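Listed below, chain by chain, are the residues.
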Amino acid sequence: MRKKRGDRLFYGLVIGAAAYTLLMVGLVAFSVTRGSVDIFSAEGISFVFQSNWNAVEGREAFGAFPYIIGTLLSSAIAMAIGVPISLAIAIFISEIAPPRIGIPLSFITELLAAVPSIIYGLWALFVFRFWVRDLIEKPLYDAFHGSIPFFAKTPFGLDIFTAGIVLAIMIIPIISSICREVMRVVPDSQREAAYSLGATRWETVRMAVFPYIKSGLVGAAMLGLGRAVGETILVTMIIGNVIGPGAIPTSFFSQGQTLASLVANEFNEASSDLHLSALIALGAILLVLTMGINIVARLLVKKKIKISSGAKSQ
Amino acid sequence: MTSYSNSNKNYSKILHETVNKNYKKRMIINKLVTIFAIVCVIAAIIPLGSILLEVVKNGASAISLEFLTQPQGSIGSGRGGVGPAIQGTIIVVGLASLIGAPVGVLAGIYLSEFAKEGVFANSVRFFNDVLTGLPSIVIGIVGYVIIVLAIGSFSVFAGAISLSIIMIPIVVRVTEETLKIVPFSLREAGHSLGISKAKITLSIVLPSAKNGILTGIVIAISRIAGETAPLIMTILGTSLFFTGITGPVDALPLRIWRLASQPYESAHAFGWGSALVLILMILALSIGLRFLAQRRSFKVTI
Amino acid sequence: MAIEETIEADEAMTEGDRLTRKPTIKESIENTEKFKVRIENVNGWYGGKRAIKDINLNVREKTVTAFIGPSGCGKTTLLRCLNRMHEMTPGAHADGRVVVDGIDIYDKSIDPVVIRRRIGMVFQKPNPFPTMSIFDNVAAGLRLNGMRNKTIVKEIVEESLKNAALWEEVKNELEKPGMSLSGGQQQRLCIARALAMQPEVLLMDEPTSSLDPIGSSKIEQLVRTLKDSVTIIIVTHNMQQAARVSDFTAFMYLGDLIEYGSTNQIFMNPEKELTERYISGKFG
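Residues numbered from 1 in each chain as written. Chains lettered and ligands numbered in written order. Predicted model: local features only at pLDDT ≥ 70, side-chain atom pairs only at ≥ 80, totals over all residues.

Caption draft 1: Summary view of the overall build of chain A. Each helix and strand counted, chain A has 11 helices and two strands in total. Starting at the N terminus and walking to the C terminus, you meet the elements of chain A as α-β-β-α-α-α-α-α-α-α-α-α-α. The C-alpha extent of chain A, read off along each of the three principal axes, is 80 × 70 × 35 Å. Counting all 314 residues of chain A, 52% fall into the buried class. Looking at chain A alone, contacts between residues at least 24 apart form 77% of all its contacts between residues at least 6 apart. (Helix = DSSP H or I, 4+ residues; strand = E, 2+ residues; numbered from the N terminus. Buried ≥ 20, exposed ≤ 12 C-beta atoms within 10 Å, placed from the backbone. Contact = placed C-beta atoms within 7 Å.)

Take a look at the structure:
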């Protein structure tokens with residue numbers, strides 16, 4: 001009899017823990033909705049498209065638009081730099097390097113993933129931004145600031161461009177390790193088929209490996225995107241922290257602001273309930289954005305791994 | 001060179017010519033891709049090296065007994081330390097782990113051992129995946145609205161709950177994956193002996209998955225130890241030592257952020273020192289795991 | 001030796017002897033055209049372990065040669081040494097000479113990529129590219145090498161499918177995915193893909209072992225017709241298949257070449273006792 005009660009207790013515990021997961025999701029949805037209700041009832045959907053950010057009492061007006069742009073732009077830069085590099089690293093570790101080089105290398109990329117973003121931020125703020133400013137931004141500015149509007153402003157190193165680069169460094173371990181995982185699923189018989197036709201190694205990767213797992217690679221990239229979009233503390237340290245209509249970036253070297261970084265910046269000094277609600281609403285927008293990206297990404301990666309293991313067993 | 005005797009055209013010759021024409025180009029492209037891949041690998045390693053170098057170089061000089069145990073002196077003075085932050089990190093992360101690890105493991109056990117294909121099980125799995133991708137700032141908002149507003153003050157408790165929301169999905173996933181690897185025959189053996197499912201799980205399955213799950217927990221703890229955003233809106237970050245679960249407290253990531261934003265060299269030096277301490281603490285945790293897991297090999301992917 | 005004496009001495013030898021002893025320099029020059037593939041002192045290694053030892057074997061052109069032997073005897077390893085696929089396995093390497101049409105493919109100056117175009121391979125399990133159509137699969141090698149002329153590609157694809165005895169079955173469905181075919185058809189698709197590259201030698205690694213009897217016999221028929229245009233070397237663990245399709249047979253055991261001769265001679269009148277025991281099913 002006692003055994004049965006113990007069993008039921010255990011079963012209750014595991015079910016409870018599983019239910020707690022759902023509860024957490026509910027809490028997230030609840031708190032974000034409850035918190036942003038005030039601003040949305042005050043401004044409606046125009047909150048999403050406005051650019052003002054005025055916390056002065058009596059003249060409050062808040063708009064999320066510049067920060068949506070900032071989030072998208074910094075993430076786009078991160079992806080443009082990060083995805084090709086991640087793919088190249090994945091190809092190197094998975095297809096080119098012998099195991100005695102590949103294994104330590106993948107360990108090193110895992111280490112990169114384990115560095116807390118606050119330390120990335122510290123390093124970016126005090127060290128890396130000078131590299132970027134002097135080695136990349138100044139030359140680009142000197143060369144193009146007259147001709148291409150995107151390189152117009154005088155670069156200081158604390159801007160959207162630097163934020164994008166450091167975000168890229170941060171998401172490379174994530175994207176490349178998932179790429180590697182998906183590449184591992186491609187059966188060797190496919191590679192052999194390509195080699196036996198006289199393909200070079202790159203051609204084999206292009207012809208036999210990539211098409212097999214195309215959606216998995218896209219999913220990996222999107223997971224990286226999800227991480228870049230949601231990154232807070234790193235961005236807030238190096239993106240320049242501007243607010244209002246001036247926060248809409250006009251050049252790579254503009255200061256900017258993302259949804260996450262503004263919330264981090266102003267949360268503790270929010271002057272009114274409406275201000276707080278606006279900040280939480282920024283979080284809500286970010287939440288929707290991230291969830292969408294991550295759901296699609298996981299579906300793509302899971303599908304690829306499932307299909308491929310099914311095909312393998314044929 | 002022979003050609004097919006039954007073909008009208010000399011395809012062999014045509015192919016041969018095409019091959020020769022393109023051969024050089026293909027070889028060059030292959031070489032370029034290989035070089036690009038190597039350059040990218042080096043480009044990825046350089047930041048890691050630089051980060052570690054800078055943290056050690058700049059942080060080591062700041063570390064002293066005073067630094068580790070005292071609260072910060074007046075701003076810009078360069079005296080004092082980050083004692084409260086170290087204490088706060090240990091307390092908040094510790095509390096979060098006490099909540100997060102058991103819940104995560106139990107939920108993972110549910111998904112692996114007890115779940116049947118149903119709406120409940122599928123939604124648990126689905127939403128768990130969703131939770132792993134949530135931005136940490138949003139989790140901070142949750143902690144704020146649910147706990148800080150409810151209790152009325154920034155608190156250790158709010159911080160711990162927030163961090164546990166980050167930790168649990170990681171532990172759930174690792175637990176489920178590790179348990180799945182345990183061969184089914186072990187469970188069958190238990191069933192055939194008439195042992196209850198609970199006992200099978202606890203006494204047979206779990207021990208053999210112990211190492212993998214432990215690794216997963218340590219990875220999750222390392223992750224939340226470095227989280228800053230959720231703490232901004234839940235524990236506030238004071239310069240005082242721990243006063244109670246419902247009171248505010250400091251933590252290393254938060255302290256680093258504050259120090260970095262101050263315009264004083266001494267504050268920056270403290271920031272680097274705190275970063276070094278944080279990394280060392282996380283490292284110590286992982287190495288501690290090596291000792292625990294030295295018996296069997298394990299492989300975990302997050 | 002005078003020419004007459006050489007000829008007499010030649011005729012006095014058994015076929016097996018002639019084919020396995022090391023050639024004199026004079027014969028090397030004479031026989032370059034007769035023997036398509038000359039395997040000389042080839043060793044194949046996996047790390048420090050030697051899987052095939054000192055193999056000497058000469059393959060006549062436009063014949064079918066079968067490598068037989070029990071599991072693990074090295075027949076597949078040897079086959080994969082012939083188009084330098086063996087060294088693709090991590091830690092594997094080979095030494096010795098494999099002379100194809102007078103060129104040693106293991107020479108330092110030769111790029112394996114070039115070799116693999118001229119020596120095609122068909123694998124145990126059919127491996128068409130799943131994301132490509134039937135047409136694209138066959139054309140894959142051509143496009144890889146930069147062949148842009150659509151007319152010629154189309155012609156070669158059609159001819160290759162005909163040579164692989166698959167054209168009639170798929171001629172109206174060339175755009176369908178390669179994986180939509182049955183196992184036997186997929187294997188013929190892979191053969192067509194290899195043939196499109198106009199190889200001089202076709203290596204087949206147990207091509208029918210994953211097929212049903214009907215599919216297998218279609219492939220065997222194909223092999224017998226193809227040999228008029230390509231030199232074929234086929235690894236098989238099925239002795240009866242070797243007896244059915246091949247002109248010459250090489251029997252291997254534990255990494256050594258035990259005996260090599262015409263198929264008739266090997267199966268009716270084996271010289272070595274080990275061969276006889278294997279043929280009569282006493283082991284392996």
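Caption draft 2: Summary view of unusual backbone geometry. All names here are of chain C. Unusually for a residue other than glycine, Asp-54 sits at a positive phi of about 50°. Its location among the elements puts Asp-54 in strand β2 (residues 49–60). The phi torsion at Glu-206 lies on the positive side, around 45°, for a residue other than glycine. Along the chain, Glu-206 turns up in the loop between β7 (201–205) and α10 (213–226).

Caption draft 3: The arrangement of the sheet that holds strand β5 (residues 103–104) of chain C in detail. All names here are of chain C. Taken in spatial order, the four strands line up as β2-β1-β4-β5 in an open sheet, and their pairing is antiparallel. The strands lining the two open edges of the sheet, one partner per strand, are β2 and β5. Across eight bridges, strand β1 (residues 35–46) lies against strand β4 (residues 92–100) in antiparallel orientation. The residue of β4 that forms the bridge with Trp-45 is His-93. (Pairing = 2+ DSSP bridges.)

Caption draft 4: How the structure looks around the environment of Gly-48 of chain C. All names here are of chain C. Here Gly-48 is to be found in the loop between β1 and β2. Overall, Gly-48 belongs to the exposed group, with 6 C-beta atoms counted inside 10 Å. Separated by 152 residues in sequence, Gly-48 and Glu-200 place their C-alpha atoms 32 Å apart.

Caption draft 5: Main features of the interface of chain B and chain C. On the chain C side, the residues contacting the 13 residues of chain B number 12 residues. Looking at the side of chain B that touches chain C residue by residue, the class counts come to five nonpolar, seven polar and one charged. (Nonpolar A, V, L, I, M, F, W, Y, C, P; charged D, E, K, R; others polar.)

Caption draft 6: Expanded view of the interface of chain B and chain A. Across the contact, 66 residues belong to chain B and 68 residues belong to chain A. Looking at which element gives the most residues to the side of chain B that touches chain A, the answer is helix α1 (residues 11–60) of chain B, with 20 residues. For the side of chain B that touches chain A, the per-class residue count stands at 48 nonpolar, 14 polar and four charged.

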